[in-house]
Amino acid sequence: MAPLAAAQGWQPASLRVASADASARRYLRLSGPGGRSAIVMDAPPASIDSRPFLAMAARITAAGLHAPQVLAADAEQGFVLLSDLGTRPYLDALREADGAEANRLMRDAIRALVHWQSTIDASALPPYDEAFLRRELALFPEWCVQREFGIQWTDAQQARWQQVCDALVTSALAQPVVAVHRDYMPRNLMVADPNPGILDFQDALAGPISYDIASLLRDAFLSWDEEHELDWAVRYWEAARKAGLPVDEDFGEFWRQLEWMGLQRHLKVMGIFCRLKHRDGKPHYRDDLPRFFAYANKVALRYRPLAPLLALLEPMNEQKLASGYTF
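Residues numbered from 1 in each chain as written. Predicted model: local features only at pLDDT ≥ 70, side-chain atom pairs only at ≥ 80, totals over all residues. Heavy atoms only, no water.

The next thing to look at is the overall build of the protein chain. A tally of helices and strands in the protein chain yields 11 helices and nine strands. Its C-alpha atoms give the protein chain a radius of gyration of 20 Å, within 12% of the compact-globule value 20 Å for 327 residues. Oriented by its inertia axes, the alpha-carbon framework of the protein chain measures out at about 65 × 45 × 40 Å. The buried share among the 327 residues of the protein chain stands at 50%. Taking contacts inside the protein chain between residues at least 6 apart in sequence as the whole, the part at least 24 apart equals 69%. As presented, the protein chain carries roughly 14400 Å² of accessible surface, and 51% of it is formed by carbon and sulfur atoms. Looking at charge distribution, the protein chain has the averaged site of its 35 positive side-chain charges lying 2 Å from that of its 41 negative ones. (Helix = DSSP H or I, 4+ residues; strand = E, 2+ residues; numbered from the N terminus. Rg over C-alpha atoms; globule rule 2.2 N^0.38 Å. Buried < 20%, exposed > 50% of the residue type's maximum accessible area, 1.4 Å probe, protein only. Contact = heavy atoms within 4.5 Å. Areas by Shrake-Rupley, 256 points an atom, 1.4 Å probe, with all protein chains shown as cover. Lys, Arg positive; Asp, Glu negative; His and termini not counted. Charge placed at Lys NZ, Arg CZ, Asp CG, Glu CD.)

Structure, rendered in structure tokens:
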């Protein structure tokens, strides 16, 4: 990457860590003339293909959204030189924000998401199909249940798990299909001008319309009370309808879709976080498991078809389960 950077006036000797990634990917910051900075994405080609990132970056820019501009790339070596969107992630900003500022930031993120879904062609992306959804769900029993907690399910428990998986997959596949970022959350958004800057989009798929708003509202590292979740979900739903997106005309049904989609994601992420600990030597991700158990318990308590999940979760979480159903 040094020759590519130096040819554009950047200073290879100034390289320093900008951020790491849950995968093998890492990001380095590079100084240049006039006090400018750029980002070097180091994606080892043995484990990461940079081409999906480059293709999505072009689509996002063409859609008029704010993503890093590709300044130079060597896909064979796994290096990409990118414009720098700054040093303030949404996650940090939201943790420090008062109510008015948090509302402003989240409205900007919702506006950008509606624009993303309205303008990025889902037909150009791989499908978020049944096989993909089920592979993701399978991470939970393998890495969280068995590896992290040492629990072996009986045949009856396996049947309950399959029942829940069938319900979640059926709900996801019944939704309208749009371009799905798949990690549209505060950690992957930057406070920028125009706001927000969008990162980590290389795994985009064509999938359920509720996926990205569920990711934004029920984040891996930041939780909101349900009053805020509902307010922002309604704002998204109204903006999506105004933009002509095919969200369900009944907000109550859309909210159910969002909650079930969020649960599928949370079970997947619990598996991924435990895999990061046991396989990849990154134990700190495990610290956020209680947040996911809280999300999963709440949704499983609320909807009768998901109730079999409660008994499966109970041995693994430290929360006392309330009783009762909403729907």
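This part takes up helix α4 (residues 99–119). Taking 1.5 Å per residue, 21 residues should reach 30 Å; α4 reaches 30 Å between its end C-alpha atoms and fits that length. For α4, the full list of buried residues reads A102, L105, M106, D108, A109, I110, A112, L113, V114, W116 and Q117. (Expected span 1.5 Å × (residues − 1).)

With that settled, consider the environment of R291. Position of R291 relative to the elements: it lies in helix α10 (residues 289–302). According to the relative accessible area criterion, R291 is partly exposed, its value standing at 22%. The spacing of R291 and A97 is 194 residues in sequence and 20 Å in space, taken between C-alpha atoms. Residues within four places of R291 in sequence aside, it is in contact with D219, A220, F221, L222 and S223.

Turning our eyes to something else, we now look at the confidence of the model for the protein chain. Averaged over the protein chain, the pLDDT score is 91; the fraction of residues at 70 or greater is 91%. Ignoring residues within four places in sequence, the model shows residues 319–325, a span with pLDDT below 50, making 16 contacts including any to other chains. (pLDDT = per-residue confidence, 0-100.)

Quick look at the packing of helix α5 (residues 130–148) against helix α9 (residues 251–278) now. Orientation of α5 relative to α9, taken along the N-to-C sense of each, is 50°, at an axis distance of 7 Å. Considering their axes alone, α5 and α9 lie oblique with respect to each other. Note on packing geometry: the crossing formed by α5 with α9 is left-handed. Across the interface between the two elements, L133, E136, L137, L139, F140, W143, C144, R147 and E148 from α5 touch M261, Q264, L267, K268, M270, G271, I272, C274, R275, K277 and H278 from α9. Looking at side-chain class alone, the contact of α5 with α9 contains 11 nonpolar, three polar and six charged residues. (Axes fitted to C-alpha atoms, helices over the stretch in contact; angles between N-to-C directions. Parallel < 35°, antiparallel > 145°, perpendicular 65-115°, else oblique. Left-handed = near helix turned anticlockwise from the far one by under 90°. Nonpolar A, V, L, I, M, F, W, Y, C, P; charged D, E, K, R; others polar.)

A separate point is the side chain of R29. Tracing the backbone shows R29 in strand β2 (residues 26–31). When its relative accessible area of 14% is taken as the criterion, R29 is described as buried. Separated by 2.7 Å, the side chains of R29 and D84 make a polar contact. A polar side-chain atom of R29 sits 3.1 Å from the main-chain carbonyl oxygen of G86. (Polar contact = N/O pair within 3.5 Å; in protein donor to acceptor, adjacent residues only side chain to side chain.)

Next up on the list: the nonpolar core. Of all hydrophobic cores here, the largest spans 103 residues; its most connected members are W116, F140, Y236 and L306. Discounting residues that sit within four places of it in the chain, W116 has contacts with M56, I60, L65, A179, V180, H181, I198, F201, A204 and D212. Listed in part, the six residues of the second largest apolar core include L28, L30, A38 and L81. (Core = buried A, V, L, I, M, F, W, Y, C linked by side-chain atoms within 4.5 Å.)

In this section: the pairing of strand β3 (residues 37–42). The element β3 is largely enclosed, with a buried count of five among its six residues. Sheet analysis places β3 next to strand β5 (residues 79–83), joined by five bridges and oriented antiparallel. Looking at the pairing, I39 lines up with L82 of β5. (Pairing = 2+ DSSP bridges.)

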